[in-house]
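If you want the building blocks of each chain, they are given just below.
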Amino acid sequence: MSRDYFGFSFIRSTGRNSTATGVLNNPADISVIVVYFLVVLAVGVWAMIRTNRSTVGGFFLAGRSMVWCRSQFDLISANVALIIYSLCACVFQALIVVVILGWLFVPIYIKAGVVTMPEYLKKRFGGQRIRIYLSVLSLFLYVFTKISADMFSGAIFINQALGLNIYLAVVCLLMITALYTVTGGLAAVIYTDTLQTIIMIVGSFILMGFAFSEVGGYERFQELYMKAVPSITANISESCYEPRADSFHIFRNAITGDLPWPGLVFGLTIQAAWYWCTDQVIVQRCLSAKNLSHVKGGCILCGYLKLLPMFLMVFPGMISRILYPDVVACVDPAECEKYCGASVGCTNIAYPKLVVDLMPNGLRGLMLSVMLASLMSSLTSIFNSASTLFTMDIYTKIRRSASEKELMIAGRVFILGLIGVSIAWIPVVQSAQSGQLFDYIQSITSYLTPPVAAVFMLAIFCKRVNESGAFYGLTIGLGIGLSRMIAEFAYGTGSCVNPSDCPTIICGVHYLYFSIILFVISCIIILGISLMTKPIPDKHLYRLCWTLRNCTEERVDLEQDDWVDNSKSNPMDIKELEEEPSLCKKAVMCFCGLEQKKAPELSPEEQAELQKKLTDTSEVPLWRNVVNANAIILLCVAVFFHGFFG
């Protein structure tokens with residue numbers, strides 16, 4: 001018998017291919033899941049103890065101590081929800097953009113000595129309004145896309161495996177996620193992500209083998225996919241349930257294609273540039289690397305790893321439609337509601353259902369636990385980066401004299417509020433863009449991120465751009481993007497069966513084309529206003545833009561730092577250090593990484609040497625040549641795959 005949980009059924013409604021008791025009811029699966037999560041938690045606790053989490057640099061950047069393989073394995077895990085529901089074109093485009101990230105963008109960020117992306121824009125343009133704007137926008141984007149989508153993805157896995165209601169599944173997902181995010185900082189996130197990514201890849205290879213075995217190989221897979229249609233169509237148009245003729249091609253018709261090729265080539269590249277080169281979640285992993293060679297090596301490794309989802313997740317997801325056409329390809333709203341609780345379609349459960357139904361006992365438990373743990377790690381990465389943005393770019397405006405301990409507490413408390421807002425947004429994620437999570441994520445980013453990508457690109461490669469141009473380019477671009485996004489959500493995105501009545505003049509332009517238009521308009525506004533206003537003198541731009549990246553002169557910052565560590569001069573902090581805390585307080589402080597330790601005071605010369613090390617981009621010639629050669633090979637691989645699957 002089912003019971004209610006705040007108005008939601010504790011057990012999901014049963015469909016034709018599901019049971020109320022769930023699938024994970026055998027000792028092998030349960031044992032594997034318990035052991036796996038114990039190991040992951042042990043790794044997180046080990047990283048928590050091993051690293052210094054009581055400072056801003058230790059908690060948010062892992063002390064810049066991560067080697068190339070660890071920090072970039074985390075890049076894969078940090079966008080695992082997008083990978084699971086990805087399109088191959090998006091995967092292949094990342095191969096090109098990660099090279100741009102490691103060779104063009106990160107060297108500037110390191111030389112600038114920044115922790116967050118809004119902090120870079122503050123150093124580059126001066127003033128506070130751009131920094132606050134980008135911080136707030138980034139936090140909203142985390143809620144609209146990353147956090148809510150990851151929660152939804154994880155809940156789908158739990159729903160398919162255990163039969164729990166999607167909201168109760170989210171609560172279960174968050175309980176373990178919050179544990180080592182709040183306690184361990186970035187180091188714990190990266191160490192656990194490294195373990196989970198390796199096991200996820202191994203498990204995905206095994207699942208791919210089972211999936212292709214079921215359909216009889218790649219050629220048979222292509223043949224059967226084009227015939228995979230649901231048995232119940234209820235007199236609905238064939239175009240709504242038959243596979244597209246161009247399903248196995250990246251470059252689709254520029255007018256009638258669901259993802260037109262000009263949009264993929266240019267629009268998706270703009271979004272990829274924002275995501276990989278300017279987004280806090282991704283760049284923060286690069287900034288935690290030991291040196292620039294480790295950054296570049298990690299970007300190359302990340303690029304090669306991004307090849308795998310095409311074969312390990314995209315193709316198996318398509319095979320799921322072949323094996324379960326009535327569920328994955330359902331078109332009748334009533335039938336879809338039975339299977340996945342969403343009347344607009346059930347494509348989001350394709351991969352989770354394949355894992356649950358196809359994998360044998362034991363391996364099923366391992367694969368489910370790995371996917372869930374990776375989704376949780378993706379959440380922890382986002383939580384850590386969102387906490388960094390709020391703490392360093394917003395809270396320091398409110399509390400300029402806050403101690404480092406206060407910043408650590410503020411960042412952790414902020415995560416809890418972020419979680420609540422994200423849960424409330426999940427129903428929108430579930431029904432938007434005909435129930436297709438990938439399209440939902442891409443559409444939101446198409447409406448909100450092109451102006452940000454334009455500002456960063458011009459800030460780095462055009463020193464003539466100034467604060468006025470950047471600010472008005474961002475705000476006008478945001479207004480245009482919001483007008484499209486609000487209209488689309490107001491009218492509803494609809495589905496093939498029940499199309500939206502949004503006017504063609506508003507919603508008729510494909511979201512990838514809209515991304516291109518918005519990017520071009522933003523660039524024109526930024527450059528136009530900048531050329532009509534006073535330029536920024538070079539003395540304020542040393543090592544902040546590409547043409548001045550190698551200048552050795554001392555830079556005169558346009559704005560002073562909002563927050564500096566004043567604990568050494570604060571009598572209250574000194575008194576607190578001298579007092580012996582109680583055993584209970586000491587245990588809590590140690591668990592949360594807030595323990596106060598007396599550190600040796602550095603001389604001005606030692607502080608200058610430490611700062612020089614943190615902003616150093618020099619490379620050993622041998623390793624520079626090695627990573628450069630591998631970058632060329634990776635770009636050639638990207639061109640080959642685009643041509644082969646084009």
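Reading the values: the criteria
- Residues numbered from 1 in each chain as written.
- Predicted model: local features only at pLDDT ≥ 70, side-chain atom pairs only at ≥ 80, totals over all residues.
- Heavy atoms only, no water.
- Salt bridge = Lys/Arg side-chain N within 4 Å of Asp/Glu carboxyl O.
- Buried < 20%, exposed > 50% of the residue type's maximum accessible area, 1.4 Å probe, protein only.
- Phe/Tyr/Trp six-rings, centres within 6.5 Å; stacked < 30°, edge-to-face > 60°.
- Lys NZ or Arg CZ within 6 Å of the ring centre and 35° of its normal.
- Core = buried A, V, L, I, M, F, W, Y, C linked by side-chain atoms within 4.5 Å.
- Helix = DSSP H or I, 4+ residues; strand = E, 2+ residues; numbered from the N terminus.
- Contact = heavy atoms within 4.5 Å.
- Expected span 1.5 Å × (residues − 1).
- Arc of directions from axis to C-beta.
- Disulfide = S-S within 2.5 Å.
- Axes fitted to C-alpha atoms, helices over the stretch in contact; angles between N-to-C directions.
- Parallel < 35°, antiparallel > 145°, perpendicular 65-115°, else oblique.
- Left-handed = near helix turned anticlockwise from the far one by under 90°.
- Nonpolar A, V, L, I, M, F, W, Y, C, P; charged D, E, K, R; others polar.
- pLDDT = per-residue confidence, 0-100.

### Here we look at the pattern of salt bridges
- All chains considered together, the criterion is met by twelve salt bridges.
- Residues K227 and E223 are paired through a salt bridge, measuring 3.5 Å at the closest nitrogen-oxygen approach.
- Looking at K227, the relative accessible area reads 55%, which means it is exposed.
- Since its relative accessible area comes to 38%, E223 is described here as partly exposed.
- Among the ionic pairs, R555 bridges to D557, the shortest N-O distance being 3.0 Å.
- Relative accessible area serves as the criterion here: at 15%, R555 is assigned to the buried category.
- Since its relative accessible area comes to 29%, D557 is described here as partly exposed.

### Side note on the packing of aromatic side chains
- Under the defined criterion, the tally for this structure stands at 21 aromatic pairs.
- Taking 5.4 Å as the distance between ring centres and 85° as the angle between the ring planes, the aromatic pair formed by Y275 and W276 counts as edge-to-face. W276 shares its class with Y275; the two are buried.
- Considering the side-chain rings of F640 and F641, the 5.4 Å spacing of their centres and the 80° angle between planes classify their relative orientation as edge-to-face.
- Relative accessible area serves as the criterion here: at 14%, F641 is assigned to the buried category.
- Of the aromatic side chains, those joined through ring pairs into one cluster are F212, Y218, F221, Y225, F248, F311, F315, F640 and F641.
- We note R129 situated over the ring of F471; from NZ or CZ to the ring centre the distance is 3.9 Å.
- Directly above the ring of Y324 sits K353, whose terminal nitrogen or CZ lies 5.0 Å from the centroid.

### Things to note about the nonpolar core
- Membership of the largest hydrophobic core comes to 168 residues, with the highest contact counts inside it found for Y109, Y120, F221 and W276.
- Broken down by element, the residue count for this core peaks at 18 residues, all from helix α7 (residues 129-162).
- Look past the residues within four positions of Y120 in its chain and what remains in contact with it is I108, Y109, A112, V114, F456, A459, I460 and L544.

### Thoughts on helix α23 (residues 511-532)
- With 22 residues, α23 extends 31 Å from end C-alpha to end C-alpha; this agrees with the ideal 32 Å at 1.5 Å per step.
- All of the buried residues along α23 are Y511, L512, F514, S515, L518, F519, S522, C523, I525, I526, I529 and S530. The arc that holds the buried residues of α23, viewed along the axis, is 165°, so those residues lie on one side. Set apart from the buried face of α23 by more than 90 degrees, the exposed residues are I524, L531 and M532.

### A look at the state of the cysteines
- As enumerated under the stated definition, the model contains two disulfides in all.
- At a sulfur-sulfur separation of 2.2 Å, the disulfide partner of C330 is C336. Across the S-S bond of C330 and C336 the torsion is about 125°, and the bridge reads as right-handed. Both residues of the pair, C330 and C336, count as buried.
- Sulfur-sulfur distance for the disulfide between C502 and C507 comes to 1.9 Å. On the sign convention where negative means left-handed, the S-S torsion of about 70° between C502 and C507 marks this disulfide as right-handed.
- The thiol sulfur of C523 is not disulfide-bonded, and the nearest other cysteine sulfur, from C462, lies at 10.0 Å.

### Observations concerning the environment of C336
- Note on placement: C336 falls in helix α15 (residues 333-340).
- In this structure C336 comes out as buried when scored by relative accessible area, which is 1%.
- Taking the C-alpha atoms as reference, C336 lies 9.7 Å from T347; in sequence the two are eleven residues apart.
- Once residues lying within four places of it in the same chain are set aside, the contact partners of C336 are C330, V331, G341, A342, S343, G345 and C346.

### Section: unusual backbone geometry
- Although it is not a glycine, R543 adopts a positive phi angle of roughly 65°.
- With respect to the helices and strands, the residue R543 is situated in the loop between α23 and α24 (571-578).
- Residue classification places R543 among the buried positions, given a relative accessible area of 17%.

### Concerning the packing of helix α10 (residues 261-277) against α23
- Two elements in contact, α10 and α23, have axes whose closest approach is 8 Å; the angle formed by their N-to-C orientations is 60°. When the interaxial angle is binned, α10 and α23 end up oblique. When the axes of α10 and α23 are compared, the crossing they make is left-handed. Of the residues in α23, those touching α10 at P262, G263, L264, F266, G267, L268, I270 and Q271 are L512, Y513, S515, I516 and F519.
- Its residues assigned to classes, the contact of α10 with α23 shows nine nonpolar, four polar and no charged.

### Let's talk about helix α20 (residues 450-461)
- In this model α20 runs 16 Å from its N-terminal to its C-terminal C-alpha over twelve residues, within 8% of the 16 Å that 1.5 Å per residue would give.
- A large share of α20 lies buried, amounting to ten of its twelve residues.
- Taken together, the buried positions of α20 are occupied by P450, P451, V452, A453, A454, V455, F456, L458, A459 and I460.

### Let's talk about the confidence of the model for the chain
- For the chain, the mean per-residue pLDDT works out to 76, and 73% of the residues sit at or above 70.
- Segment residues 1-21 is flagged for pLDDT under 50; beyond a separation of four residues in sequence, or across chains, it makes 37 contacts in the model.
- Confidence drops under pLDDT 50 across residues 52-74; counting only partners more than four residues distant or on other chains, this segment forms 100 contacts.

### A few points about the side chain of E467
- Locating E467 in the fold gives a position in helix α21 (residues 467-491).
- Contact partners of E467, with chain neighbours within four places excluded, come to F125, G126, R129, I130 and I536.

### A closer look at the packing of helix α9 (residues 218-225) against helix α13 (residues 308-323)
- Contact pair α9 / α13: the axes reach a minimum separation of 9 Å and the direction vectors enclose 50°. Accordingly, the angle class assigned to the pair α9 and α13 is oblique. You can see that α9 and α13 cross each other, and the crossing is left-handed. Listed contacts from α13 to Y218, F221, L224 and Y225 of α9 are F315, M318, I319, R321 and I322.
- Residue classes in the contact of α9 with α13 are distributed as eight nonpolar, no polar and one charged.

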